[in-house]
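# Reading the structure
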Amino acid sequence: MTVSVIVLADGKGRLDRAIDSVLSQKRADVEVLVVARKPVKDIDALASKKGVEVFSPGESLSRAVAANEGIERCRGDWVTVIDGADWFDADHFATMVATASRSRGNLLVYSGVQLHGGSRVRDRSPGYWRQRLFEQPLVPACGVMFSKELVVRHGCRFDPQFALFEDWDFLLQCSALTDFLRAPGTSARHDESVRKPRENSVSANIGRLQKKWGAQYEEVRSLADGAAHQAAEANARRSPRDAMRPLRAALQVDPGNPALLSRLALSYGQTGDAQQALLALRRACDSDPGSATLLGDRVILEHRMGQRDQARKSFVRLVEVSGSEADWARMKAIGAVIGARIEED
């Protein structure tokens with residue numbers, strides 16, 4: 001499994017750092033292709049020194065067009081697109097490829113990304129839920145590695161109509177074709193200070209995204225709501241297998257939906273399949289980490305299954321997110337069951 005890293009060069013950021021971080025990867029089967037989307041001083045000399053391939057079209061290209069040019073020319077099975085604002089830990093692609101290898105047909109893997117350039121360094125590593133992707137970006141492009149099959153077989157392309165958020169739009173295209181699998185850890189880095197878009201440009205491109213994807217978003221949301229309603233009726237009848245059918249179908253369209261996953265966990269519980277129930281609950285908590293209800297259900301199930309250490313770790317998170325009086329009362333009751341001490345101010 002080979003990986004191509006397409007580096008978009010426009011004179012911003014630190015191109016040398018970006019290239020060096022790829023060349024320093026523990027995996028040897030990672031190629032670098034630099035696409036000069038704008039004239040960059042001494043880029044050929046830099047590429048020659050680093051021993052990487054460079055494509056210089058001799059004219060300015062938008063980010064979307066430059067990314068598409070790189071994808072057409074690269075040879076890897078999997079692709080990541082970065083620029084001078086990005087760099088990686090040495091084990092980044094080893095972890096990404098290992099995660100992709102373990103997946104069952106997933107065509108896109110992403111990692112957590114550490115964000116620099118603001119008042120403080122912070123990590124962005126959200127769980128994936130397709131419906132939420134319509135509302136907000138997932139991670140910066142450097143954290144994403146996608147199968148070239150999405151381009152060659154399914155026709156995904158970076159859309160030139162977007163001067164900003166072309167990577168967000170690309171992920172929305174991919175989301176109709178594959179679930180997104182998160183690799184462990186935060187091994188990609190992105191400097192937010194390198195590129196500061198104007199507010200009017202942000203608004204204009206958000207408007208284009210809404211125009212392009214709004215109808216599909218409503219379709220996905222409506223389908224998920226309908227499946228949740230059907231499942232609720234089936235669960236009330238104590239007919240868990242009838243509940244599972246619409247839930248599984250809806251999760252193929254809206255993977256990561258915490259409401260659907262919570263219903264699916266209940267259905268598995270009614271059939272006595274605690275392991276599958278726990279898997280559904282863990283994914284639900286990943287998608288909605290601030291839900292005290294989901295976390296409480298997870299703690300209880302982990303405890304019942306004898307996973308006491310994991311239950312205590314989940315309980316720590318439950319204490320953090322319990323905000324309302326009802327949440328706090330339930331959390332204390334769960335703590336008493338699992339034998340966890342709660343320190344109150």
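Reference entry: report on the structure contained in this document. Bear in mind that the values here come from a model prediction, so they are computed numbers and not experimental data.

## As for the packing of aromatic side chains
Per the counting criterion, the structure on display carries six aromatic pairs. Considering the side-chain rings of phenylalanine 134 and tyrosine 217, the 5.4 Å spacing of their centres and the 50 degrees angle between planes classify their relative orientation as tilted. With phenylalanine 134 in the loop between helix 5 (130-133) and strand 8 (144-147) and tyrosine 217 in helix 8 (residues 199-236), this residue pair connects regions lying 83 residues apart in the sequence. With 4.3 Å between their ring centres and 5 degrees between their planes, phenylalanine 158 and phenylalanine 170 make a pair best called stacked. Remark: phenylalanine 170 occurs in helix 7 (residues 166-175) and phenylalanine 158 occurs in the loop between helix 6 (149-152) and helix 7; sequence separation between them is twelve residues. An aromatic cluster of three or more residues is present, and its members are Phe146, Phe158 and Phe170. Between the NZ or CZ atom of arginine 17 and the centre of the ring of tryptophan 87, over which it lies, the distance is 3.6 Å. One Lys or Arg, arginine 73, reaches over the ring of phenylalanine 55 and ends 3.7 Å from the middle of that ring.

## Concerning empty space enclosed by the protein
Applying the stated criterion across every chain, the model contains two cavities of 30 Å³ or more. What the largest cavity holds in volume is close to 60 Å³. In terms of lining, the largest cavity is formed by Arg124, Pro126, Gly127, Tyr128, Trp129, Arg132, Leu133, Gln136, Pro137 and Leu138. Partitioning the lining of the largest cavity into residue classes produces six nonpolar, two polar and two charged. Taken as a whole, the second largest cavity spans an internal volume of roughly 40 Å³. As for the second largest cavity, its lining consists of Ala292, Thr293, Leu318, Ser322, Asp327, Arg330, Met331 and Ile334. The set of elements that each furnish at least two residues to the lining of the second largest cavity consists of helix 12 (292-304) and helix 14 (325-338). With four residues, the single largest contributor to the lining of the second largest cavity is helix 14.

## Overview of the packing of helix 13 (residues 308-321) against helix 14
Helix 14 packs onto helix 13 with a crossing angle of 160 degrees between their chain directions and a minimal axis gap of 11 Å. Judged by the inter-axis angle, helix 13 sits roughly antiparallel to helix 14. You can see that helix 13 and helix 14 cross each other, and the crossing is left-handed. Contacts between helix 13 and helix 14 involve Ala311, Arg312, Phe315, Leu318 and Val319 on the former and, on the latter, Trp328, Met331, Ile334, Gly335 and Ile338. Tallied by class, residues from the contact of helix 13 with helix 14 come to eight nonpolar, one polar and one charged.

## Some remarks on the layout of surface pockets
Of the pockets and cavities examined, the largest pocket occupies roughly 1,300 Å³. Forming the boundary of the largest pocket are 34 residues, of which Arg104, Asn106, Asp179, Leu181 and Arg283 lie nearest the centre. Only helix 4 (92-102), strand 9 (180-191), helix 9 (240-253), helix 10 (258-271) and helix 11 (274-287) provide two or more residues apiece to the lining of the largest pocket. For the lining of the largest pocket, the leading source of residues is helix 11, giving six residues. The calculated volume of the second largest pocket comes to roughly 930 Å³. Forming the walls of the second largest pocket are 39 residues, and the residues nearest its centre are Pro140, Ala141, Phe165, Asp167 and His190. At the level of secondary structure, the elements contributing two or more residues to the lining of the second largest pocket comprise helix 3 (63-73), strand 4 (78-83), strand 7 (122-124), strand 8, helix 7 and strand 9. Among the elements that make up the lining of the second largest pocket, the one with the highest residue count is helix 7 (five residues). Grouping the constituent residues of the lining of the second largest pocket by class yields 24 nonpolar, four polar and eleven charged.

About the criteria used
- Residues numbered from 1 in each chain as written.
- Predicted model: local features only at pLDDT ≥ 70, side-chain atom pairs only at ≥ 80, totals over all residues.
- Heavy atoms only, no water.
- Phe/Tyr/Trp six-rings, centres within 6.5 Å; stacked < 30°, edge-to-face > 60°.
- Helix = DSSP H or I, 4+ residues; strand = E, 2+ residues; numbered from the N terminus.
- Lys NZ or Arg CZ within 6 Å of the ring centre and 35° of its normal.
- 1 Å grid on protein atoms, 1.4 Å probe; cavity = no way out; pocket = protein on both sides within 12 Å on 5 of 7 lines; lining within 4 Å.
- Points joined across faces, edges and corners; volume = space filled by probe spheres on them.
- Nonpolar A, V, L, I, M, F, W, Y, C, P; charged D, E, K, R; others polar.
- Axes fitted to C-alpha atoms, helices over the stretch in contact; angles between N-to-C directions.
- Parallel < 35°, antiparallel > 145°, perpendicular 65-115°, else oblique.
- Left-handed = near helix turned anticlockwise from the far one by under 90°.
- Contact = heavy atoms within 4.5 Å.

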